[in-house]
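Close look at the chain arrangement
Spelled out from the first residue to the last, the chains are:
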Amino acid sequence: MPFISQIQRQSDYRLFPSSTPIVIDNGASYFRIGWAGETEPRVIFRNIVQRPRHKATGETVTIVGDHDPTLLKYFDCTRSGPRSAFDSNVVFQFEIMEYILDFGFDRLGANGSQIDHPILITECVCNPFQSRSKMAELLFETYGVPSIAYGVDAAFSYKYNQQHGVCDKDGLAICPGFTTTHVIPFIDGEPMYQGSCRTNIGGYHITDYMKQLLSLKYPHHMARFSWEKVEDLKMEHCYIAPDYVSEARLFQKGTKEAEDKTRLWQLPWVPPPTEEPPSEEEIARKAAIKEKQGQRLREMAEAKRSSRINELENESHGLEFLLQQLEQVEEHDIPSFLSATGYVSKQEVESALLKVRQSLLKAKGEPKAEQAELEEKTDPAGGERFPLLNIPDNMLTPEQVKEKKRQLFLKTTSEGRQRAKQKRYEEELERERRNQQDEQKRLENPELYLEQLHAKYKDLSEKVEQRKRLKTNGGHTNGNSFSGSVGRGERLNAAQRERMRLLTTAAFDRGKGEDTFGARDEDWQLYKLMSKDNDDDDEAPDEHEAELARLTSRLQEVDPTFVPKTDTTNPQSVEAPRFRPLTQEDFQIFFGVERFRCPEILFNPNWIGIDQAGLDEMAGVSIRRLPTKGQELEERLTSSVFLTGGSSLFPGMSERLEAGIRMIRPCGSPIRIVKALDPILDAWRGASAYAAAAHFPTQTFTKEDYYEKGEDCVRRYQFRYYTL
């Protein structure tokens with residue numbers, strides 16, 4: 001399997017003799033490997049493995065440690081996320097651990113699968129026997145290492161800083177790590193694991209909590225909050241508040257001090273391009289293009305109109321020639337003569353000719369008066385078109401009776417069309433007359449005219465809204481001032497009751513005798529009565545709405561400041577909210593309360609659902625668990641409280657921990673909090689110094705012991721921390 005990483009491979013592996021131990025700080029967050037006696041590890045990378053597939057070839061690739069985002073675009077990472085070999089700081093996925101060790105040894109410079117150097121590897125406090133045994137099996141049988149030694153990372157860091165005079169022989173080592181936090185008491189320089197204490201809280205939980213808070217606060221930028229970015233923001237901006245409640249009140253009140261403590265993260269933002277007004281040359285060029293396009297469209301329309309006129313003229317000439325031929329044909333020979341033309345009578349040919357002439361006048365753009373005169377000829381309402389209407393039914397054959405009913409229907413439809421046309425003409429004349437009167441009133445007194453127009457508009461709009469509410473909710477109010485939930489079906493007036501009676505009568509009359517409906521003009525009025533509620537309450541608002549529309553249009557012409565009311569009863573008429581363009585402020589992330597709220601879970605794990613003790617309480621629990629107790633011993637332990645681990649780097653950690661321990665200790669007890677020289681690398685440096693000492697070979701168990709005694713030697717193994 002190919003490995004991908006940014007870490008450069010070492011080339012001096014063969015320069016170190018086989019007696020030089022390899023030191024591994026196997027942390028849950030980072031893997032550090034190097035040579036004993038050196039002050040810095042040779043290789044450091046994230047202790048994670050990812051196995052995506054290549055998008056083109058489908059080959060599975062193993063990515064160990066830090067990954068390059070520009071490289072991952074060629075792989076499908078949807079089904080394979082980063083995986084760790086740890087669970088609560090205990091190694092349990094040894095398949096992943098094998099990938100980690102392969103990569104670490106390869107970057108260190110090892111060419112083959114055989115590792116001929118002793119190994120010193122760190123582990124957590126009170127590491128389970130099964131995890132230690134599996135690690136020994138992996139190192140001995142897979143890599144063939146000659147000997148192994150196990151040590152606790154926090155103990156190595158404590159002894160390294162004790163050598164440099166940072167802490168005393170007696171003290172408490174508090175190690176807030178990546179996934180867990182440990183407290184180990186030291187007496188005479190030796191760790192007392194009987195009094196150790198552990199809490200499943202660490203830097204991982206702080207980062208995860210911060211990621212959740214930022215995602216809830218800025219849901220539109222959730223994709224920006226990647227794990228690596230939130231981890232960097234945590235280490236750069238977070239701090240431990242001396243008093244959480246007082247600190248939270250500062251931000252709640254919005255004081256100047258809270259503003260100074262707020263940090264800003266500006267996301268990448270590109271301002272939208274500003275549109276400059278077009279120049280005169282550009283305006284002239286667009287106008288010329290528009291005019292050219294318009295001229296082309298006009299030419300196309302004129303060509304189409306000319307073609308249409310030619311077609312109508314040819315059709316008109318053909319019909320005129322046909323009528324001339326019909327004048328020379330006998331009456332009884334006309335149907336046979338017209339059989340090939342598609343017409344059945346001379347009247348039908350004349351009607352078709354009149355319609356063609358009407359279409360020709362419209363195509364040529366003749367005055368409307370001539371078109372109306374021709375329409376009257378085309379659609380006459382006299383008895384010539386309907387000859388059977390005046391003849392009694394007993395004098396007609398059954399076919400003629402059917403034809404008479406058809407003619408009656410055509411006549412009624414024609415008359416209705418003429419009446420509607422006449423009504424539209426009268427309404428147009430009335431509208432022009434009103435406009436002339438309004439214009440005359442406006443010229444006489446513009447201010448009074450505008451005031452009266454606004455008052456009339458307000459009155460009509462209230463009437464229209466009131467009627468719409470009645471249509472929606474009904475006329476009842478259920479005893480309240482607000483409209484009730486009574487529907488329109490319960491608001492029946494006299495006209496509506498008459499409509500229901502007509503519908504019921506028509507339903508019961510079906511099938512009783514001969515169906516003579518439609519023989520009289522009065523029968524067709526029933527359709528109008530049954531089609532809608534023909535009452536004054538429903539007809540009047542139609543006129544009101546038309547008048548309101550006219551007033552709205554008039555006010556928009558004479559009053560530039562007029563804004564028409566929106567129709568609140570119709571949700572479709574309400575204008576949709578307009579979204580403002582995004583600005584630079586929309587891409588700003590503010591860190592206020594989150595800066596101290598997230599690390600606070602180290603002291604209050606129950607905030608994220610972990611019902612365990614915090615850092616300050618763990619110190620008291622560890623002291624109480626010691627087999628030998630005494631006031632003097634407890635004072636010596638609290639006089640040298642040592643902080644190490646990545647999560648101890650938060651500003652204010654020492655002050656807050658001192659205040660918390662002072663709350664659980666007697667008054668006047670000496671409390672001193674010290675921090676490691678380098679809380680992250682001191683564990684590896686301490687292990688490197690121990691591995692370089694002359695007595696280190698006595699602290700290991702060899703491959704021969706493992707094969708001879710089996711796992712029993714691993715069970716009885718105990719590392720002793722000698723003073724350097």
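Preceding this paragraph is the structure being described.
Let me begin by describing the structure that accompanies this report.

Definitions and limits used
Residues numbered from 1 in each chain as written. Predicted model: local features only at pLDDT ≥ 70, side-chain atom pairs only at ≥ 80, totals over all residues. Heavy atoms only, no water. Core = buried A, V, L, I, M, F, W, Y, C linked by side-chain atoms within 4.5 Å. Buried < 20%, exposed > 50% of the residue type's maximum accessible area, 1.4 Å probe, protein only. Helix = DSSP H or I, 4+ residues; strand = E, 2+ residues; numbered from the N terminus. Domains from an automatic or database assignment. Contact = heavy atoms within 4.5 Å. Axes fitted to C-alpha atoms, helices over the stretch in contact; angles between N-to-C directions. Parallel < 35°, antiparallel > 145°, perpendicular 65-115°, else oblique. Left-handed = near helix turned anticlockwise from the far one by under 90°. Nonpolar A, V, L, I, M, F, W, Y, C, P; charged D, E, K, R; others polar. Pairing = 2+ DSSP bridges. Right-handed = clockwise from strand over helix to strand, strands pointing away. Expected span 1.5 Å × (residues − 1). Arc of directions from axis to C-beta. Patch = residues over 30% accessible without salt bridge, like charges linked within 9 Å, V, L, I, M, F, W, Y side chains within 5 Å. Areas by Shrake-Rupley, 256 points an atom, 1.4 Å probe, with all protein chains shown as cover. Salt bridge = Lys/Arg side-chain N within 4 Å of Asp/Glu carboxyl O. Lys, Arg positive; Asp, Glu negative; His and termini not counted. Charge placed at Lys NZ, Arg CZ, Asp CG, Glu CD. Disulfide = S-S within 2.5 Å.

Counting residues in hydrophobic clusters, the biggest one holds 71 residues, and the most contacted among them are Ile22, Ile24, Met97, Leu101, Phe105, Ile148 and Phe701. Ranked by the residues each element gives to this core, the list is headed by helix α2 (residues 94-108), at 9 residues. Looking at which domains feed residues into this core, each of domain 1 (13-47 + 85-166 + 678-716) and domain 2 (203-265 + 591-674) gives three or more. Residues within four places of Leu101 in sequence aside, it is in contact with Ile24, Phe31, Leu138, Leu139 and Tyr143.

So, on to the packing of helix α19 (residues 615-624) against helix α21 (residues 653-664). Where α19 meets α21, the axes come as close as 8 Å, and the angle between the chain directions of the two elements is 50°. What the angle tells us is that α19 and α21 run oblique. The two elements α19 and α21 meet at a crossing, and its hand is right-handed. Taking contact as the criterion, the partners of Leu615, Asp616, Ala619 and Gly620 in α19 are, on α21, Met653, Leu657, Gly660, Ile661 and Ile664. Per-class residue counts for the contact of α19 with α21 are 6 nonpolar, 2 polar and 1 charged.

Here we come to the pairing of strand β11 (residues 119-123). Along β11, 5 of the 5 residues are buried, which leaves the element largely enclosed by surrounding structure. Residues Ile119, Ile121 and Glu123 line one face of β11 and the alternating positions Leu120 and Thr122 line the opposite face, and both faces are buried. Summarising the sheet, strand β2 (residues 22-26) and β11 pair through 3 bridges and their orientation is parallel. By the bridge assignment, Ile24 is partnered in β11 with Ile121. Pairing geometry for β11 and strand β12 (residues 147-152), over 5 bridges, is parallel. Residue pairing for β12: Leu120 is matched across the bridge by Ala149. Between the parallel elements β11 and β12, the chain passes through helix α3 (residues 129-143) in a crossover that is right-handed.

Before going further, it helps to spend a moment on the sheet that holds β2. Taken in spatial order, the 6 strands make up an open sheet running β4-β3-β2-β11-β12-β21, and their pairing is mixed. The sheet terminates laterally at β4 (43-46) and β21 (701-702), the two strands that pair on one side only. Taken strand by strand, α3 contacts β2, β11, β12 and β21, and its axis lies near 145° from that of β12. Each of β2, β3 (30-35) and β11 is contacted by helix α22 (residues 682-692), which is oriented at about 150° to β2, the strand it contacts most.

Here α21 spans 17 Å end to end across 12 residues, near enough to the 16 Å set by a 1.5 Å rise per residue. For α21, every residue scored as buried is listed here: Met653, Ser654, Arg656, Leu657, Gly660 and Ile661. Buried residues of α21 fall within an arc of 165° about the axis and therefore sit on the same side. Seen from the buried face of α21, the exposed residues on the opposite side, beyond 90 degrees, are Glu655 and Met663. Contact partners of the buried residues in α21: β13 (171-176), α19, β19 (641-643) and β20 (673-675).

Before going further, it helps to examine a negative patch on the surface. Taken together, the side chains of Asp66, Glu228, Asp232 and Glu236 make up a negatively charged region of the molecular surface. Note on placement: Asp232 falls in helix α6 (residues 227-237). Looking at Asp232, the relative accessible area reads 46%, which means it is partly exposed.

What follows is about the pattern of salt bridges. In this structure the tally under the stated criterion is 37 salt bridges. A salt bridge links Asp106 to Arg107; the nearest nitrogen and oxygen atoms lie 2.8 Å apart. Residue classification places Arg107 among the buried positions, given a relative accessible area of 17%. Of the charged contacts, one joins Lys463 and Asp459 as a salt bridge, the two residues approaching to 3.7 Å between their closest N and O atoms. Here Lys463 and its partner Asp459 are both found in helix α14 (residues 446-473), 4 residues apart, which amounts to about one turn of the helix. Using a relative accessible area of 41% as the deciding quantity, one classes Lys463 as partly exposed. Overlapping salt bridges, with partners in common, bring together Glu430, Arg433, Arg434, Asp438, Lys456, Glu547 and Arg550 in one network.

Moving on: the state of the cysteines. Summed over the entire model, instances satisfying the criterion amount to 0 disulfides. The thiol of Cys124 is unpaired, and the distance to the nearest cysteine sulfur, on Cys126, comes to 8.0 Å. Exposure remark for Cys124: the relative accessible area of 5% places this residue in the buried category.

Next up on the list: helix α7 (residues 244-253). For α7, the complete set of buried residues consists of Tyr244, Glu247 and Phe251. Along the long axis of α7, the arc covered by the buried residues comes to 70°, so they all point the same way. Facing away from the buried surface of α7 by more than 90 degrees, the exposed residues are Gln252 and Lys253. Buried-residue contacts for α7 involve α8 (256-261) and α18 (594-597). Two residues or fewer past α7, Gly254 is found with a positive phi of approximately 70°.

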